[in-house]
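If you want the building blocks of each chain, they are given just below.
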Amino acid sequence: MFASLPAELTLPVQLCAGIAALCWLLSVITREYSWVDRSWSIMPGVYASTFASRADFADARVNLVAGLIVLWCIRLTWNYARKGGYAPGGEDYRWAVLRSRMPPWAFQVFNVFFIAGYQHLLVFLITLPIWQVWAHRKPLGAVDIALATAFLLFLAGETLADQQQWNYHQWKKARVAAGELVGNGFLEKGLWTYSRHPNFFCEQAIWWVVYAFAVAAGAGWWNVTLVGPVLLTLLFHGSANFTESITAGKYPAYADYQRRVSRLLPWPPRG
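Below you will find a few notes about this structure. Note that the structure is a prediction, hence the values are computed from the model and not measured.

### Let's talk about the overall build of the protein chain
Item 1. Looking only at helices and strands, the protein chain features 11 helices and 0 strands.
Item 2. Start at the N end of the protein chain and walk to the C end: the helices and strands fall as α-α-α-α-α-α-α-α-α-α-α.
Item 3. Over its C-alpha atoms the protein chain spans a radius of gyration of 20 Å, differing by no more than 12% from the 18 Å that the globule rule assigns to 271 residues.
Item 4. In terms of overall dimensions, the protein chain has a C-alpha envelope of 60 × 45 × 30 Å along the principal axes.
Item 5. Residues counted as buried form 46% of the 271 residues belonging to the protein chain.
Item 6. About 13300 Å² of surface is accessible on the protein chain, with carbon and sulfur atoms providing 70% of the total.
Item 7. Computed over 22 positive and 15 negative side-chain charges, the inter-centroid distance for the protein chain is 6 Å.

### Some remarks on a nonpolar patch on the surface
Item 1. Nonpolar side chains collect at one region of the surface, where W24, L25, V28, I29, W105, V109, V112 and F113 lie side by side and expose about 820 Å² of accessible area between them.
Item 2. Going through the elements one at a time, helix 1 (7-30) and helix 6 (104-127) are the ones with two or more residues in the nonpolar patch.
Item 3. The exposure class assigned to W105 is exposed, which follows from its relative accessible area of 63%.

### Describing the state of the cysteines
Item 1. Evaluation of the coordinates by the stated rule reveals 0 disulfides.
Item 2. Here C16 is not disulfide-linked; the sulfur of C23 is the nearest cysteine sulfur, at 10 Å.
Item 3. A relative accessible area of 8% means that C16 is categorised as buried.
Item 4. Left unpaired, C202 is separated from the closest cysteine sulfur, that of C73, by 17 Å.
Item 5. When its relative accessible area of 8% is taken as the criterion, C202 is described as buried.

### Concerning the side chain of R38
Item 1. Summarising the element assignment, R38 is placed in helix 2 (residues 35-40).
Item 2. Here R38 falls in the buried class, since its relative accessible area comes to 6%.
Item 3. Polar side-chain contacts of R38 include one of 2.7 Å to the backbone oxygen of G85.
Item 4. Once residues within four sequence positions are removed from consideration, R38 is found in contact with E32, Y80, G85, Y86, A87, G89, G90 and E91.

### Considerations on the pattern of salt bridges
When the charged atoms of two side chains lie near each other, side chains of opposite charge can form a pair.
Item 1. Throughout the structure, instances matching the rule amount to 12 salt bridges.
Item 2. In this structure, R94 engages D92 in a salt bridge whose closest nitrogen and oxygen atoms are separated by 2.8 Å.
Item 3. On the accessibility criterion, D92 (19% relative accessible area) is buried.
Item 4. Across the pair E244 and R263 runs a salt bridge whose closest N-O atoms are separated by 3.9 Å. Placement of the pair is E244 in helix 10 (residues 227-250) and R263 in the segment after helix 11 (254-260), with a sequence separation of 19 residues.
Item 5. In this structure, a network of salt bridges that share partners links the residues E188, D256, R259 and R260.

### Some words on the packing of helix 5 (residues 93-101) against helix 10
Item 1. Packing of helix 5 against helix 10 leaves a shortest axis separation of 11 Å and a crossing angle of 80°. On the basis of the axis angle, helix 5 is roughly perpendicular to helix 10. For the pair helix 5 and helix 10, the contacting residues are Y93, R94, V97, L98 and R101 in the first and S239, F242, T243, S245 and I246 in the second.

### Observations regarding the nonpolar core
Item 1. Ranked by size, the top nonpolar core spans 55 residues in total, and within it W40, W72, F124, F151, W207 and F213 carry the most contacts.
Item 2. No other element matches the 10 residues that helix 9 (residues 198-219) contributes to this core.
Item 3. Non-local contacts of W72, meaning those with residues more than four positions away in its chain, are made with W40, S41, P44, F151, L155, E158, E203, I206 and W207.

### What about helix 4 (residues 60-82)?
Item 1. For helix 4, which comprises 23 residues, the first-to-last C-alpha distance of 33 Å matches the rise-based estimate of 33 Å (1.5 Å per residue) to within 8%.
Item 2. Those residues of helix 4 not exposed but buried are R61, V62, V65, A66, L68, I69, W72, C73, R75, L76, N79 and Y80.
Item 3. Looking at the buried positions of helix 4, the neighbouring elements they touch are helix 2, helix 3 (43-54), helix 6, helix 7 (129-135), helix 8 (142-177) and helix 9.
Item 4. Where helix 4 ends, the next residue or the one after it, G84, has phi of about 85°, a positive value.

Calculation notes
- Residues numbered from 1 in each chain as written.
- Predicted model: local features only at pLDDT ≥ 70, side-chain atom pairs only at ≥ 80, totals over all residues.
- Heavy atoms only, no water.
- Helix = DSSP H or I, 4+ residues; strand = E, 2+ residues; numbered from the N terminus.
- Rg over C-alpha atoms; globule rule 2.2 N^0.38 Å.
- Buried < 20%, exposed > 50% of the residue type's maximum accessible area, 1.4 Å probe, protein only.
- Areas by Shrake-Rupley, 256 points an atom, 1.4 Å probe, with all protein chains shown as cover.
- Lys, Arg positive; Asp, Glu negative; His and termini not counted.
- Charge placed at Lys NZ, Arg CZ, Asp CG, Glu CD.
- Patch = residues over 30% accessible without salt bridge, like charges linked within 9 Å, V, L, I, M, F, W, Y side chains within 5 Å.
- Salt bridge = Lys/Arg side-chain N within 4 Å of Asp/Glu carboxyl O.
- Disulfide = S-S within 2.5 Å.
- Polar contact = N/O pair within 3.5 Å; in protein donor to acceptor, adjacent residues only side chain to side chain.
- Contact = heavy atoms within 4.5 Å.
- Axes fitted to C-alpha atoms, helices over the stretch in contact; angles between N-to-C directions.
- Parallel < 35°, antiparallel > 145°, perpendicular 65-115°, else oblique.
- Core = buried A, V, L, I, M, F, W, Y, C linked by side-chain atoms within 4.5 Å.
- Expected span 1.5 Å × (residues − 1).

Shown next, in the form of structure tokens:
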């Protein structure tokens, strides 16, 4: 099955297939479907580290890209953990909504092919540009420094957006517990004044920067690893549609927020 792969891809592909199968099995046993979410912020660091290891941790660009990816992993894992994602019952609320809209058999097919299969493949694909960085080794240059700076800026933006969201929901939870009003019921301040999904915007931008490292290394604009950030962008488009449909159904004022505020790209609000 793996014989036709380049030797350096064999281990990452085996890891991808093995973790996908394990997450599917755990979802069947526990009836929780966020096992992919729990591994999403970990596996890119594992894949990146395998290429840094194959270069004996001696190539500056491979080490730089791997280090940035691991930094992303640490931040996202911490943010997911504090929201209870790794605790029993810490399933993403959207899976429960989706289960209520699908026949049980259809959801199980969806679980195999999309939740466990496709999403793990996507995690592998968004990390794959480091393969081309590994394959086109040359000294670091000014472009690499600019890309690393952009990566860190987007990482900081995502961190800030997630922190603002965390602060808001902690405040909201306390107000609800005290029987007090919580305004419109959703966050629309800070970075969320300029984008309805600033964290989504920064997340996608981060993985486009990772792809740009492969281009800067000499892989060319149309190298095969382009598929990763393209598919991630499409996934976030669908995820944003689903999330907003749920939010709009809960909060009447959300329609006006959608009218005023940019969906993704941070931009001054209208009206």
